[in-house]
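Fold and contact review
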Amino acid sequence: MLHDRLLVELDDDASERRSSAGIVIPATAVVGKRLAWAVVVAAGQHVRQLEIGDRVLFDPEERAEVELEARTYLLLREKDVHAVAQPHAGREGTGLYL
């Protein structure tokens, strides 16, 4: 990866979800603007806040898909990440961590 780019893989639960009443909502259903979770699998040399293995929240509209070895990944810029779900212990943050 180059510069501030991230290669992420969508979480398995991103495909479909259940409502509180138990109704299955398919991934193709449009429900306004919804952010998505993914796991960082590679990071460029200028990425400062994230590491491989971090679970990140991003806007699916701001992405590019790429297929490597029959698996689909997403290409993001570090600035397109809204939050990190699990910060590493002992690391100072910038307020982006949930």
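Residues numbered from 1 in each chain as written. Predicted model: local features only at pLDDT ≥ 70, side-chain atom pairs only at ≥ 80, totals over all residues. Heavy atoms only, no water.

The subject of this paragraph is the overall build of the protein chain. The secondary structure content of the protein chain amounts to 0 helices and 8 strands. Ordered by position from the N terminus, the helices and strands of the protein chain form the series β-β-β-β-β-β-β-β. Across the protein chain, contacts joining residues at least 24 apart in sequence account for 59% of those joining residues at least 6 apart. (Helix = DSSP H or I, 4+ residues; strand = E, 2+ residues; numbered from the N terminus. Contact = heavy atoms within 4.5 Å.)

The nonpolar side chains of soluble globular proteins are, as a tendency, buried together. Core analysis: the largest hydrophobic core is formed by 13 residues, its most contacted members being L6, V8, L50, V56, F58 and V81. When residues of this core are assigned to their parent elements, the largest contribution, 3 residues, is made by strand β4 (residues 36-43). When residues no more than four places from it in sequence are discounted, the contact partners of L6 are M1, V40, A42, A43, V47, L50, L74, L75, L76, R77, E78 and V81. (Core = buried A, V, L, I, M, F, W, Y, C linked by side-chain atoms within 4.5 Å. Buried < 20%, exposed > 50% of the residue type's maximum accessible area, 1.4 Å probe, protein only.)

A separate point is the sheet that holds strand β5 (residues 55-58). Strand order in the open sheet formed by 6 strands is β6-β7-β1-β4-β5-β8, and the pairing between neighbours is antiparallel. The sheet terminates laterally at β6 (64-68) and β8 (81-84), the two strands that pair on one side only. Across the sheet, the mean angle separating the axes of adjacent strands is 45 degrees when strand polarity is ignored. Pairing analysis gives 4 bridges linking strand β1 (residues 5-10) to strand β7 (residues 71-77), with the strands arranged antiparallel. Opposite L7, over in β7, you have L75 as the bridge partner. (Pairing = 2+ DSSP bridges. Axes fitted to C-alpha atoms, helices over the stretch in contact; angles between N-to-C directions.)

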